[in-house]
Amino acid sequence: MVEMSSEEFDEAVADALDLVPQDLTRLMDNVVILVEDHPPEDEPDLLGLYEGTPLTERGQWWATGALPDRITIYRLPTLAICDDAAEVAEEVAVTVVHEIAHHFGISDARLHDLGWG
């Protein structure tokens with residue numbers, strides 16, 4: 001397990017977001033990215049989670065009064081599977097891209113096919 005402060009992990013998430021092309025981030029609509037230490041109790045090994053309505057499923061009036069979609073990156077499970085800070089940065093980048101892809105309506109199966117499983 002890697003020792004990394006919350007602030008350092010937040011920075012790794014910010015760095016991962018910086019890797020996402022601006023053309024893509026500009027298309028993200030009504031979504032917030034959060035970092036939490038622990039995933040839901042029923043999924044203790046979960047590294048990230050997208051909760052919301054993918055852009056591909058939104059209708060014309062969807063956003064009226066809608067709360068933002070949430071992408072949550074889980075710190076402690078990520079640190080538990082990594083051996084060093086460089087591996088954390090890589091895993092966080094993969095997780096961030098994976099969850100953003102869900103916001104755009106890309107399924108787990110398609111992500112796996114693309115090598116982002």
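Residues numbered from 1 in each chain as written. Predicted model: local features only at pLDDT ≥ 70, side-chain atom pairs only at ≥ 80, totals over all residues. Heavy atoms only, no water.

**Digging into the side chain of Glu99**
And step 1. In this structure, Glu99 sits in helix H4 (residues 85–103).
And step 2. No salt bridge is formed by the buried Glu99; the nearest opposite charge belongs to Arg70, separated by 11 Å.
And step 3. The contact partners of Glu99, leaving out residues within four places of it in the chain, are Gly48, Leu49, Tyr50, Ile71 and Ile73. (Helix = DSSP H or I, 4+ residues; strand = E, 2+ residues; numbered from the N terminus. Buried < 20%, exposed > 50% of the residue type's maximum accessible area, 1.4 Å probe, protein only. Lys, Arg positive; Asp, Glu negative; His and termini not counted. Salt bridge = Lys/Arg side-chain N within 4 Å of Asp/Glu carboxyl O. Contact = heavy atoms within 4.5 Å.)

**Remarks on a nonpolar patch on the surface**
And step 1. Together, Ile106, Leu114 and Trp116 make up an exposed nonpolar region whose accessible area comes to about 250 Å².
And step 2. Topologically, Leu114 is positioned in the segment after helix H5 (108–113).
And step 3. Under the relative-accessibility criterion, Leu114 is labelled partly exposed at 45%. (Patch = residues over 30% accessible without salt bridge, like charges linked within 9 Å, V, L, I, M, F, W, Y side chains within 5 Å. Areas by Shrake-Rupley, 256 points an atom, 1.4 Å probe, with all protein chains shown as cover.)

**Notes on the nonpolar core**
Considering soluble globular proteins, one finds that nonpolar side chains tend to be buried as a cluster.
And step 1. With 18 residues, the main nonpolar core has Phe9, Val88, Val92, Val96 and Ile100 as its most contacted residues.
And step 2. Counting only elements with at least two residues in this core, the list comes to helix H1 (6–19), strand E3 (69–74) and H4.
And step 3. The residues contacting Val92, other than those within four sequence positions of it, are Phe9, Ala12, Val13, Ala16 and Thr78. (Core = buried A, V, L, I, M, F, W, Y, C linked by side-chain atoms within 4.5 Å.)

**Notes on the side chain of Arg75**
And step 1. Among the secondary structure elements, Arg75 is positioned in helix H3 (residues 75–81).
And step 2. Relative accessible area serves as the criterion here: at 12%, Arg75 is assigned to the buried category.
And step 3. Sequence-distant contacts of Arg75, defined by excluding residues within four places in its chain, comprise Met4, Ser5, Ser6, Phe9, Val35, Glu36 and Asp37.

**Observations regarding the pattern of salt bridges**
And step 1. In total, this model carries four salt bridges according to the counting rule given.
And step 2. Of the charged contacts in the structure, one is a salt bridge between Arg75 and Asp37, with a shortest N-O distance of 2.7 Å. One end of the pair, Arg75, is in helix H3; the other, Asp37, is in the loop between strand E1 (31–36) and strand E2 (48–51), and 38 residues separate them in sequence.
And step 3. Arg70 is paired through a salt bridge with Glu51; the nearest N and O atoms lie 3.4 Å apart. Of this pair, Arg70 sits in strand E3 while Glu51 sits in strand E2, and the two are 19 residues apart along the sequence.
And step 4. Relative accessible area serves as the criterion here: at 34%, Arg70 is assigned to the partly exposed category.
And step 5. Ionic contacts of the salt-bridge type, sharing partners, join the residues Glu36, Glu51 and Arg70 into one network.

**Here's the deal with the sheet that holds E2**
And step 1. Taken in spatial order, the three strands line up as E1-E3-E2 in an open sheet, and their pairing is mixed. The open sheet terminates on both sides in strands that have one partner only, identified here as E1 and E2. Within this sheet the neighbouring strands show an average axis-to-axis angle of 15°, counted without direction.
And step 2. Bridge count for E1 against E3 is six bridges, and the pairing is parallel. Across the sheet, the residue bridging to Val35 is Ile73, located in E3.
And step 3. Each of E1 and E3 is contacted by H1, which is oriented at about 150° to E1, the strand it contacts most. (Pairing = 2+ DSSP bridges. Axes fitted to C-alpha atoms, helices over the stretch in contact; angles between N-to-C directions.)

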